[in-house]
Amino acid sequence: MSIICVEIDKCIGCNACVRACPAGEANVAKKDESGNLRIEIDDEKCIKCGACVKACAHNARYFRDDIDQFLADLKAGEEMAVIAAPAIKIAFDGNWRHALQWLRNQGVKSIYDVGFGADICTWAHVRYVEQHPDAKIISQPCAALVNYITRHKQELIPNLSPIHSPMMCVAIYMRKVMGYKGKIAAISPCIAKIDEFHETGVIDYNVTMEHLRDYFNKEGIRLPEVKIYSEFEFDEQQGLEGSIYPEPGGLMKNLLIHSPGMNVITSEGTGKLYKDLDTYGKAKDENLPTVFDVLNCENGCNGGPAVGVDYNRFEMSAVMHDVEQYARKTRQENRTKKGMDKQFAEFDAKLNLEDFMRTYDVKPVKTIEVTEKQIEDAFISLGKHTSVERNFDCHACGYETCREMAIALAKGLNEKENCHQYMMNYIREERQKVSGVNEKVLEMNRDLLKTFEELSESIEKVRAEAGRIREAGTASSGKMEAVINHMNEMNRLNQSISTSMNEITDSVKQYNTMTQDVEKIAGKINLLSLNATIEAARAGEAGRGFAVVASNIQELSRNSTESVSDAQQNEKAIQNAIMDVTEIVHNFSDATEEMLEVVNTAIENVKATSDESLLIEESMSTVSQMADRVKEVIEMTNKILR
């Protein structure tokens, strides 16, 4: 599991982490799918110094510790002891006792002062140097430094102090001298301590002060005000001068108290320490100090990455000064009648130096080797051809020199877009390209303006024509409505004619019936006349007058028959004429209906044309407005491009 982590979405590739990191290959710059630069961490090469966490202004980096597991195990009833680093006086200035008392109230069995472990650490260094007067020691209370040397500067492992750190010293004291078997949690200002605890197996939890403070805030745990008294006291002894270990030169001050003639020098801060280590590795033994007192953090452990507060060095120094004065007064009071240091005398009597000594394992880290040819290719890819270009050294990439950037590029640890000079040249070239494009754009814009002017004129013509079409359509629609009114009138007249023709047909049918009746009567009259003639002949002279009457009746019958025949012929002619008229009326009716449909369709089309003309006119107005706006944009673009 990674201890220092990256929240990629928050990373903007500003290189602050690269700039702060003393382990150059631990940060890897990569482009994401969108082409944005992100800085990732190579866990194998990370020394967990936390410099990148403090340097990141975008909160893209964070760290993990063991606080959750510690609190869970404590709640579950695990036997638990706590050791608290002296930096807690900075992290919980004024109410650090209340913070530790809260832990005790939660079930912590005992709480010890790491300052006491620092006193043991000082004693062990003094005794070791006495036994090895030619020793050249690099101090190791700083776990980040140990990680750096065991991973990246392995030639210095023989110089790493064989004495355990103050935290380890107090934990070993608890195990070896007091016989404590339970779990131990360290309240620490350091992220890297988690590696030290895992490698040595004596301390079980690294609980950082920052995350403990965050837990208090999250759970609404309000510690009493600074001025309120706390009954808290450490179990066993409280540290003396060992309590100033977390300030720069703390170990040196302690060593010089007990061995004033010892050659001790200091170095603190990532910007200085790791350069000094490079120099240390190249220096002659006779020029090296007996103890090189080093701390990764510029303000010592008081300014550790997991302290959780950002006090300035003067405030921290004031707190440590009070601690130092109290410790010196106490030590002076505790001297024996013979002037011997009582604490060291007790350590000599109770402690075994071998118990507090540590050995180190080399942590194999796969390094990336590159040739001068690859570095040269990297310079060329960056556009750096001259000596001036290759020594631009602006530090924007996060490295101190352009050569370091070229090496990182050759190793695949960075991207050329991270080079400020490369990007400036790229931007300059792009600007030149853009300038040339701008000229073409200006020329095109001039053509476009001319085209838009012509377009505007055409739009006005179309809009005017659409208006005229709409007006003509409206007029045509009115005329069509008049036509349809006439057609409706004709249709009604046609229906009247049809009705009359139907009535005539009915009358003709009645007349035909009457003709048939007359024809029947004429037949009967003719038969009667014939009979009368026969009878008149029989009557002789007496029947002469009757014969005349019979003759007249017969004539009447003949005339009636002829009339009926003529009537029947006329009836057929009338019926034929009526059928012709009826057919004409039906055809006229069908034609009228078709004409009505055509006229109605024409009216609808005229109305639709009128509506479309209105839409065209409105659309032309919108297009005209858009054309005007485009013209304005082009004119503004031209002003900008000029």
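Provided above is the structure to which this section pertains.
This is a predicted model, so every value here is computed, not measured.

What about the overall build of the chain?
Okay, so step 1: The number of helices and strands found in the chain is 19 helices and 11 strands.
Okay, so step 2: Pairs at least 24 apart in sequence give 77% of the contacts found in the chain among residues at least 6 apart.
Okay, so step 3: Carbon and sulfur atoms form 52% of the exposed surface of the chain, whose accessible area is close to 34700 Å².

Here we look at unusual backbone geometry
Okay, so step 1: If you check the backbone angles, K48 has positive phi at about 60° while not being a glycine.
Okay, so step 2: Note on placement: K48 falls in the loop between β3 (37-41) and α2 (51-55).
Okay, so step 3: What makes K48 buried here is its relative accessible area of 9%.
Okay, so step 4: The backbone phi angle of D393 is positive, close to 45°, even though this residue is not glycine.
Okay, so step 5: Relative to the assigned elements, D393 resides in the loop between α16 (387-390) and α17 (402-411).

Some points on the sheet that holds strand β5 (residues 80-84)
Okay, so step 1: Strand order in this open sheet of four strands is β6-β5-β8-β9, and the pairing throughout is parallel. Each edge of the sheet is formed by a strand with only one pairing partner; in this case those strands are β6 (110-113) and β9 (205-208). Each strand axis lies, on average, 25° off the axis of its neighbour in the sheet, ignoring direction.
Okay, so step 2: Bridge count for strand β8 (residues 183-188) against β9 is four bridges, and the pairing is parallel. Across the sheet, A186 pairs through a bridge with N206, a residue of β9.
Okay, so step 3: The strands that helix α5 (residues 96-105) touches are β5, β6 and β8; relative to β6, the one it contacts most, it runs at about 150°.
Okay, so step 4: The sheet contacts of helix α10 (residues 209-219) involve β8 and β9, and relative to β9 the element is tilted by about 65°.

Brief notes about the packing of helix α6 (residues 114-131) against helix α14 (residues 342-350)
Okay, so step 1: Relative to each other, α6 and α14 sit at 75°, their axes nearing to 11 Å. In terms of their interaxial angle, α6 and α14 are classed as roughly perpendicular. Where α6 approaches α14, its residues F116, D119, I120, T122, W123, V126 and R127 are matched on the opposing element by Q343, F344, F347 and D348.

Notes on the nonpolar core
Okay, so step 1: Grouped together as the largest cluster of nonpolar side chains are 77 residues, with contacts concentrated most on F70, I83, F92 and L103.
Okay, so step 2: Of the residues forming this core, the biggest block, 10 residues, is contributed by α6.
Okay, so step 3: Discounting chain neighbours no more than four positions away, the residues touching F70 are M80, V82, L103, V108, A185, Y205 and V207.
Okay, so step 4: One finds I39, C46, L413 and Y422 within the second-largest nonpolar core, a separate group that totals 61 residues.

Considering a negative patch on the surface
Okay, so step 1: Side chains of E453, E454, E457 and E635 sit close together on the surface and give a patch of like negative charge.
Okay, so step 2: A total of three residues in the negative patch trace back to one element, the largest contributor, which is helix α18 (residues 420-539).
Okay, so step 3: Mapped onto the elements, E453 comes out in helix α18.
Okay, so step 4: A relative accessible area of 41% means that E453 is categorised as partly exposed.

A few points about the side chain of E247
Okay, so step 1: Mapped onto the fold, E247 is located in the loop between α10 and α11 (250-258).
Okay, so step 2: Polar contacts involving the side chain of E247 include one to the side chain of K253, which spans 3.1 Å.

Examining the state of the cysteines
Okay, so step 1: Summed over all chains, the structure comprises zero disulfides.
Okay, so step 2: Free of any disulfide, C21 has its nearest cysteine sulfur in C49, 5.7 Å distant.
Okay, so step 3: The cysteine C402 is free of any disulfide, with C419 supplying the nearest cysteine sulfur at 6.0 Å.

Topic: the pattern of salt bridges
Okay, so step 1: Scanning the model with the defined rule gives 28 salt bridges in all.
Okay, so step 2: K10 is the salt-bridge partner of E7, the closest N and O atoms lying 3.7 Å from each other.
Okay, so step 3: Relative accessible area serves as the criterion here: at 35%, E7 is assigned to the partly exposed category.
Okay, so step 4: Put simply, E247 and K253 hold a salt bridge, and the shortest N to O gap is 3.1 Å.
Okay, so step 5: One network of salt bridges, in which partners are shared, links E25, K45 and K411.

Some details on the sheet that holds strand β7 (residues 137-138)
As a general point, the strands of a sheet are linked pairwise by backbone hydrogen bonds and lie either parallel or antiparallel.
Okay, so step 1: Strand order in the open sheet formed by three strands is β7-β11-β10, and the pairing between neighbours is parallel. Because the sheet does not close on itself, it has two edges, and the strands there are β7 and β10 (264-268).
Okay, so step 2: Of the pairings in the sheet, the one linking β10 to strand β11 (residues 291-295) comprises five bridges and is parallel in character. Looking at β11, one finds that I265 is bridged to F292.
Okay, so step 3: Sheet strands touched by α11: β10 and β11. Its angle to β11, the strand with the most contacts, is close to 150°.

The rules behind these values
Residues numbered from 1 in each chain as written. Predicted model: local features only at pLDDT ≥ 70, side-chain atom pairs only at ≥ 80, totals over all residues. Heavy atoms only, no water. Helix = DSSP H or I, 4+ residues; strand = E, 2+ residues; numbered from the N terminus. Contact = heavy atoms within 4.5 Å. Areas by Shrake-Rupley, 256 points an atom, 1.4 Å probe, with all protein chains shown as cover. Buried < 20%, exposed > 50% of the residue type's maximum accessible area, 1.4 Å probe, protein only. Pairing = 2+ DSSP bridges. Axes fitted to C-alpha atoms, helices over the stretch in contact; angles between N-to-C directions. Parallel < 35°, antiparallel > 145°, perpendicular 65-115°, else oblique. Core = buried A, V, L, I, M, F, W, Y, C linked by side-chain atoms within 4.5 Å. Patch = residues over 30% accessible without salt bridge, like charges linked within 9 Å, V, L, I, M, F, W, Y side chains within 5 Å. Salt bridge = Lys/Arg side-chain N within 4 Å of Asp/Glu carboxyl O. Lys, Arg positive; Asp, Glu negative; His and termini not counted. Charge placed at Lys NZ, Arg CZ, Asp CG, Glu CD. Polar contact = N/O pair within 3.5 Å; in protein donor to acceptor, adjacent residues only side chain to side chain. Disulfide = S-S within 2.5 Å.

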